[in-house]
Amino acid sequence: MQATNVLVYLVRHDLRVADNPILDRLASSTDHGFTHLLPVYVLPPYQIEVSGFLKDGEKSPFPEAKGELSGFWRCGPHRARFIAQAIWNFKDNLKALENDLIIRIGQPQEVLNNIVEGLKQHQKNVGAVWMIAEEGYEEQREEKNMAEACSNLGIDLQLWVDEKYFIDDRDVKPEGAQDLPDVFTTYRKMNEPLRERPRPTVPRPAAGSLPKTVESSEMPSQAHPFEIPPSLEAFETALVAPIESAVPKVVAVEPGTSAHPFRGGEDSALQRLRYLIKSGNASSYKTSRNGLLGMDYSTKLSAHLAQGSITARQVHEELLHFENGTDQQYAETEGFGEGENEGTKAIRFELLWRDYMRLCTRKFKAKLFYRSGFRNYHSHKWKMGSKVGETTGEQATPTDEVSTTMKRVFEGTTGQSLIDASSRELIHTGYTSNRARQNVGSFFAKHLNIDWRYGAEWYEFMLVDYDVNSNWSNWQYVAGVGNDPRGENRIFNPVKQAFDYDKDGDYVRCWVPELRKIEKLENLFQPWTTPKEDWERFELAGLSMAEDPVKKIEFSVEGKPKSARRPFARRRGQGRNNSNGTPGSKPTPPPQEPNSNVNNSNKEPPSAPRAYQMSNQSNNPRGPRGGGRGYRGGYRGRAYSNGPRGGPQEGPQGGRGGWQQPFMNNPPPHPWSHLGPA
């Protein structure tokens, strides 16, 4: 019998057949030595709840996939559906190449053991495992476990460079993670001109060019007690069933209002990219990206980028076809063949920011999840919710009060209408805009002074485009503990932001229908300011948004605050030092947190703060069920009005992206962590 050599391709966030370096290597060369290719996608039970796949009457061997700090599910129904669609589209595209995708549930090393033993019964030998390398804490732990399993089985393991980013890791400046600048602007300038930086994409393999598939009759089945449904519809249902009831029930809105009605998968991603260019939206991106309503105000590619259904260099290359006039499908679009314009340049800028957030994860490692952030900022006293309060005693206010406030933020009943509209949109669609995310993050961490990690875990649960690097880095950024040089001084006034970006109130009226009858914008954006004689006419009685707002912000339509009082209490005194000790105000040494080690050594990440340390857990900043997370989406912030004392602020002196001048009350737009709502 002819010897067999099976390659197991462990698929992660690379759910595409085009611009896939692993598939390209197998399709374009004959010296790889493999007779069979077995692509396998493993649903990670610590990140995605898998109890919906249990056989009747069985109990899951895995704990629930919930955040240890907040207890929120780590993957909500919007993203679960999107992931299911992306997986199934990848499976269909592999079938078109005369191969297939096997879906399994469990720990990857255990899945591998099951596959190896099962194929041996059919005289098939597994010779190697190939997978892309990732930055997340959990993903790197997974790689270590896989390396150990392969060593025990006598199988080769090859970790491939993850090539879905804008600048290839082999071309990154600077080369060492610890040399990464703590300010984005410095990193950007090191890599300009951006249009020349990405490597070319690799082609989609031709049908029949890959090693042959393993027959389904020879494949061992899914291990007990789970079973994998045979259709996308049943697969989606199993993913969503255990978690759907956790989404808050809020007032319904008209159907068809979602800014993100897109399906997951490579085909949908490429279709969206080509539409952006043909429609002219790519060219107008710089001026439209701060929109709030509709499908065209930003690229909406973030969820696809997070799952690896499309790569940043594919986006770049398609823009080149338009700019250089080499693809006639764009010939009717204004600007065809006229080179890079402000819109396409801004898209590349955002793609580089996405790269930067991933490199920050590489540099700071487990600090991504620490309350003290990249800055080791231990002195601020955050308000804590019930779960952390019960285990650490760190709460500064009664637990039930903080938890109730968080609930109102997440359900959209704070009385700050821009915040509430964003929260409602997120509940209904799994998506909310760049501008809205900035305001929610600032309101949560700075106006309400609540531990920013609750917000990060809520976004992990709710966002369709969640990305571990972008989400956590940018919650740090907006909370003032990340790599924003302005730190805690970057604060958004959500009332002014509403006047600036929801000029007619359409966004608030769309997502908070209880307030639609309010006529004046100043009352619409803060219902409590509505004169009492109008409450009955506008049906405000009984609405907590009007009767009991979480936060009242003094603001007049003339732009001058009614009161000189600071709308929130903020600490004074910290300078502009970054974690590497660049010149600035001399910092005082941060106090040690309970059970934490503030050690900047590169050898090992510092142990997690006590809030994340549970019994019998080792080196895990996320708690008993893990850390580095793997499914994506996030946000970032820049513009704001009215500084800590109610007056204009200047800056940011290089906070990230090219804006060096003072921006006073109307700052330039600040991109978010990823392309989607960037």
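Residues numbered from 1 in each chain as written. Predicted model: local features only at pLDDT ≥ 70, side-chain atom pairs only at ≥ 80, totals over all residues. Heavy atoms only, no water.

Draft legend 1. Examining the overall build of the chain more closely. Of the regular secondary structure elements, the chain holds 22 helices and 6 strands. A buried classification covers 62% of the 678 residues belonging to the chain. Taking as baseline every contact in the chain between residues at least 6 positions apart, the subset at least 24 positions apart corresponds to 77%. About 25,700 Å² of surface is accessible on the chain, with carbon and sulfur atoms providing 47% of the total. (Helix = DSSP H or I, 4+ residues; strand = E, 2+ residues; numbered from the N terminus. Buried < 20%, exposed > 50% of the residue type's maximum accessible area, 1.4 Å probe, protein only. Contact = heavy atoms within 4.5 Å. Areas by Shrake-Rupley, 256 points an atom, 1.4 Å probe, with all protein chains shown as cover.)

Draft legend 2. Local environment of the environment of Gln 307. As for its position among the elements, Gln 307 is in helix H9 (residues 302–307). Sequence spacing of Gln 307 and Asp 465 is 158 residues, and the spatial spacing of their C-alpha atoms is 8.5 Å.

Draft legend 3. The nonpolar core, seen in detail. Among the nonpolar cores identified, the biggest contains 118 residues, and Leu 43, Phe 53, Ile 87, Phe 235 and Trp 452 are the most heavily contacted of them. Ranked by residues supplied to this core, first place goes to helix H11 (residues 342–364) with 11 residues. Each residue touching Phe 53, except ones within four places of it in the same chain, is listed here: Leu 43, Ile 105, Pro 225, Phe 226, Glu 227, Pro 229, Phe 235, Ala 238 and Leu 239. (Core = buried A, V, L, I, M, F, W, Y, C linked by side-chain atoms within 4.5 Å.)

Draft legend 4. Here's a closer look at the side chain of Glu 236. Summarising the element assignment, Glu 236 is placed in helix H6 (residues 232–240). In this structure Glu 236 touches Arg 81, Ala 84 and Gln 85, once residues within four positions along its chain are discounted.

Draft legend 5. Quick peek at the packing of helix H5 (residues 184–191) against H11. Closest axis-to-axis distance for the H5/H11 pair is 11 Å, and the angle between their directions is 115°. Here the hand of the crossing between H5 and H11 comes out right-handed. Counting all contacts with H5, which are made through Phe 184, Tyr 187 and Arg 188, the residues of H11 involved are Phe 349, Leu 352, Trp 353, Asp 355, Tyr 356 and Leu 359. Here the residues of the contact of H5 with H11 are counted per class, giving 7 nonpolar, no polar and 2 charged. (Axes fitted to C-alpha atoms, helices over the stretch in contact; angles between N-to-C directions. Left-handed = near helix turned anticlockwise from the far one by under 90°. Nonpolar A, V, L, I, M, F, W, Y, C, P; charged D, E, K, R; others polar.)

Draft legend 6. A look at the side chain of Glu 135. In this structure, Glu 135 sits in the loop between strand E4 (126–132) and helix H4 (137–153). Take Glu 135: its relative accessible area is 13%, and that puts it in the buried class. Here Arg 358 takes part through its side chain, which lies 3.3 Å from a polar atom of the side chain of Glu 135. Ignoring anything within four residues of it in the chain, the contact list for Glu 135 reads Gln 140, Asp 169, Arg 358, Thr 361, Arg 362 and Asn 469. (Polar contact = N/O pair within 3.5 Å; in protein donor to acceptor, adjacent residues only side chain to side chain.)

Draft legend 7. Structural view of the packing of helix H15 (residues 434–447) against helix H16 (residues 452–462). Where H15 contacts H16, the axes come no closer than 9 Å and their chain directions differ by 145°. H16 is crossed by H15, and the crossing has right-handed handedness. Here Arg 437, Val 440, Phe 444 and Ala 445 of H15 lie close against H16, whose contacting residues are Trp 452, Tyr 454, Gly 455 and Tyr 459. Per-class residue counts for the contact of H15 with H16 are 6 nonpolar, 1 polar and 1 charged.

Draft legend 8. Region of the structure containing H15. The terminal C-alpha atoms of H15, which comprises 14 residues, lie 19 Å apart, in line with the 20 Å expected from a rise of 1.5 Å per residue. Counting buried positions over the 14 residues of H15 gives 14, a clear majority of the element. (Expected span 1.5 Å × (residues − 1).)

Draft legend 9. Examining helix H7 (residues 266–278) more closely. Compared with the 18 Å implied by 1.5 Å per residue over 13 residues, the 18 Å span of H7 between its first and last C-alpha is a close match. Every buried residue of H7 is listed here: Glu 266, Ser 268, Ala 269, Leu 270, Arg 272, Leu 273, Leu 276 and Ile 277. Buried residues along H7 sit against helix H2 (77–96), H9 and helix H10 (312–324). Gly 280 lies just past H7 and shows a positive phi near 85°.

Draft legend 10. Molecular detail of the pattern of salt bridges. Scanning the entire structure with this criterion turns up 39 salt bridges. Asp 548 serves as the salt-bridge partner of Arg 408, at 3.4 Å between the closest nitrogen and oxygen. With Arg 408 in helix H13 (residues 399–411) and Asp 548 in the segment after helix H22 (544–547), the pair connects residues that are 140 residues apart, well separated along the chain. The class of Arg 408 is buried, set by a relative accessible area of 13%. Given a relative accessible area of 47%, Asp 548 falls into the partly exposed group. (Salt bridge = Lys/Arg side-chain N within 4 Å of Asp/Glu carboxyl O.)

Draft legend 11. A look at the pairing of strand E1 (residues 6–11). Extensive coverage of E1 is indicated by the burial of 6 of its 6 residues. Here E1 shows a buried face lined by Val 6, Val 8 and Leu 10 and a second buried face lined by Leu 7, Tyr 9 and Val 11. Strand direction decides the pairing type here: E1 and strand E2 (residues 36–43), joined by 6 bridges, are parallel. Within E2, the position partnered with Tyr 9 by the bridge is Pro 39. As for the winding sense of the linkage, the β-α-β connection from E1 through helix H1 (residues 21–28) to E2 is right-handed. Direction of pairing for E1 relative to E4: parallel, over a ladder of 4 bridges. What sits directly across from Val 8, in E4, is Val 129. (Pairing = 2+ DSSP bridges. Right-handed = clockwise from strand over helix to strand, strands pointing away.)

Draft legend 12. View of the confidence of the model for the chain. Residues with a pLDDT of 70 or more make up 80% of the chain, whose mean pLDDT is 84. In this model residues 388–398 is a low-confidence stretch, pLDDT under 50, and it forms 16 contacts with partners more than four residues away in sequence or in other chains. Predicted confidence for residues 623–678 stays below pLDDT 50, and this span has 285 contacts to residues more than four positions away or in other chains. (pLDDT = per-residue confidence, 0-100.)

Draft legend 13. Seen up close, the packing of aromatic side chains. Taken as a whole and judged by the stated rule, the model has 24 aromatic pairs. With a centroid separation of 5.0 Å and an interplanar angle of 70°, the aromatic rings of Phe 72 and Trp 458 are classed as edge-to-face. Note that Phe 72 is positioned in the loop between E2 and H2 and Trp 458 in helix H16, a separation of 386 residues in sequence. The burial state of Phe 72 is the same as that of Trp 458; both residues are buried. Ring plane angle 85° and centroid distance 6.0 Å describe the contact between Trp 353 and Tyr 477, whose orientation is recorded as edge-to-face. Here Trp 353 is found in helix H11, whereas its partner Tyr 477 is found in helix H17 (residues 468–479), with 124 residues between them in sequence. No difference in accessibility class separates Trp 353 from Tyr 477, as the two residues are buried. (Phe/Tyr/Trp six-rings, centres within 6.5 Å; stacked < 30°, edge-to-face > 60°.)

Draft legend 14. Fine view of unusual backbone geometry. The omega torsion of the bond from Glu 192 to Pro 193 falls at 0°, within 30 degrees of zero and hence cis. Within the secondary structure, Pro 193 is located in the loop between H5 and strand E6 (212–213). Here the amide bond leading from His 224 into Pro 225 is cis, since omega sits at 10°, within 30 degrees of zero. Inspection of the secondary structure puts Pro 225 in the loop between E6 and H6. Here the phi dihedral of Lys 365 falls at roughly 55°; this positive angle occurs in a residue that is not glycine. Among the secondary structure elements, Lys 365 is positioned in the loop between H11 and helix H12 (386–392).

Draft legend 15. Expanded view of the environment of Leu 273. Considering the arrangement of structural elements, one finds Leu 273 in helix H7. As a C-alpha pair, Leu 273 and Leu 319 span 46 residues in sequence and 9.1 Å in three-dimensional space. Those residues in contact with Leu 273, other than ones at most four positions away along the chain, are Leu 301, Ile 310, Gln 314, Val 315 and Glu 318.

Draft legend 16. Main features of the pairing of strand E3 (residues 102–105). Judged by which residues are buried, E3 turns out to be covered on both faces: Ile 102 and Arg 104 on one side and Ile 103 and Ile 105 on the other are all buried. Across 4 bridges, E2 lies against E3 in parallel orientation. Bridge pairing in E3 places Leu 43 opposite Ile 105. Once the chain exits E2 it traverses H2 before rejoining the sheet at E3, and the crossover so formed is right-handed.

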